[in-house]
Amino acid sequence: MASVIAPSHRIPRTLVLGEVLVDAICEHPVARFEEVDGFVPHLGGAKANVSVVVARHGGRAALAGVVGADPWGRWLRRRLAVEGVDLDWLLSVDGVATPVAFVTTDADAEPSYAFHGAGLTPGFGALAAVIEPAVDGCDALFLGTSMQVERDHREVARTARARALERGMPVVFDPNLRLDLWADPADAIAVAREGVPGAFLVKANRGELRMLTGEDDPIAGARALLGAGAANVVVTLGPDGALLVADGVERTVPGVAARAVNATGAGDTIAGVLLARLARDGWATATLAGALPEAVAAAARSTESWGAVS
């Protein structure tokens, strides 16, 4: 079983490292982009979504990322502050345009994205100057790969991860593989594999698990990640729920029925609920097992709104 890091009277703070953007969402399904008749702005970016879910479920999240010193950047900061997310290391950078994702969904609630701006994390290298103090000011780290497309951005993530592991902090890794953002998909997979060793938890969907391990079976893939150095693995199974695998533990939580319109934030919701519960109840496999049904139910509810965390 994974070792237990006991909770303290103070709720530990998780540093969430990654992208913050505006999701401009067409709030009805379309078969193709040309059918869109308008977009509605929502808070977006996987790591921003996770931070909001952590705060809503009684945890503490500090978001480390970059927005532009522009109207959309100020709009995002205001939304995040209202949600109770700590913004000590969310930098507003002159000359950076806050990214916008134009989001459409099909009849099955599956989203498609068209990005406006210089990638998901423009200006992310500015965090190099503050990333070690940011890690030192928190109690756990959550990160993925979407902020690591550019090499200098990758070094920020590597520094954060190395610092957290050096300090004995729990690290939670969500590959969140978006191969369309990478010039070479093999590079994306290699970077994702770097995040597995030493992780308290790796959360991945079935497709990501297959890319990382070559295994089609979720249990076999999860066990391969344990062999690569993860202490716990949660595999999200879409409408079929989620699976937890750890040393001596295998638990499947069935999906919850939902009238889904947009599945964008389901995986982020699972991550956020688990992070909040781990911080509150202790970093243990038993906490994950107990929290997974709540996380799956919350993820199902999240698909019933157009925004990922509406």
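As a reminder, the structure under discussion sits directly above these lines.
Read on for an overview of the structure. Predicted model only: the values in this text are computed from it and were never measured.

## Comments concerning the environment of Val196
Relative to the helices and strands, Val196 is located in the loop between helix H5 (185-194) and strand S10 (201-205). We classify Val196 as buried; its relative accessible area is 2%. Residues Val196 and Leu212, 16 residues apart in the sequence, show an inter-C-alpha distance of 9.7 Å. Not counting residues up to four positions away in its chain, the partners in contact with Val196 are Phe173, Val202, Leu225, Ala228, Gly229 and Ala230.

## Describing the packing of aromatic side chains
If you walk through the whole model with that rule in mind, you get five aromatic pairs. Geometrically, the ring pair formed by Phe39 and Phe102 is edge-to-face, given 5.0 Å between the ring centres and 70° between the ring planes. With Phe39 in the loop between strand S2 (21-25) and strand S3 (40-44) and Phe102 in strand S6 (residues 100-105), the pair connects residues that are 63 residues apart, well separated along the chain. For Phe39, a relative accessible area of 30% puts it in the partly exposed group. Ring centres 5.3 Å apart and planes at 90° place the aromatic pair Trp72 and Trp75 in the edge-to-face group. Taken together, the residues Trp72 and Trp75, both in helix H2 (residues 71-82) and three residues apart, mark about one turn of the helix. The ring of Tyr113 carries the charged tip of Arg178 above its face, separated from the ring centre by 4.5 Å.

## Examining helix H7 (residues 218-227)
All buried positions along H7 are accounted for by Pro218, Gly221, Ala222, Leu225 and Leu226. Seen end-on, H7 carries its buried residues on one side only, within an arc spanning 150°. Buried residues along H7 sit against S10, helix H6 (206-213), strand S11 (232-236) and strand S12 (242-246). The N-terminus of H7 is capped by Asp217, whose side-chain oxygen sits 3.3 Å from the backbone nitrogen of Ile219. Gly229 lies just past H7 and shows a positive phi near 120°.

Rules of the game
- All residue numbers refer to position in the chain's written sequence, counted from 1.
- At least 70 in pLDDT is required for a residue's local features to be given in this predicted model, at least 80 for side-chain atom pairs to be given and counted, and no such filter applies to totals for whole chains, interfaces and linings, which use all residues.
- Hydrogens and water are ignored here; the side-chain numbers use all heavy atoms of the structure.
- Each helix corresponds to a stretch of at least 4 residues labelled H or I by DSSP, and each strand to a stretch of at least 2 residues labelled E; elements are numbered beginning at the N terminus.
- Each residue is assigned to one of three classes by its accessible area relative to the maximum for its type, calculated with a 1.4 Å probe on protein chains only: buried under 20%, partly exposed between the two thresholds, exposed over 50%.
- We call two residues contacting when some pair of their heavy atoms lies within 4.5 Å.
- Here the aromatic set is Phe, Tyr and Trp, taking the six-membered ring for Trp, and pairing holds for ring centres within 6.5 Å; pairs whose planes are under 30 degrees apart are stacked, those over 60 apart are edge-to-face, and all others are tilted.
- Lysine NZ or arginine CZ positioned within 6 Å of the ring centre and within 35 degrees of the ring normal marks a charge as sitting over the ring.
- Arc, as used here, means the arc of the directions from the helix axis to the C-beta atoms.
- Pairs of N or O atoms are called polar contacts if they sit within 3.5 Å, as long as, within protein, a hydrogen donor faces a hydrogen acceptor (for residues adjacent in sequence, only side-chain-to-side-chain pairs).

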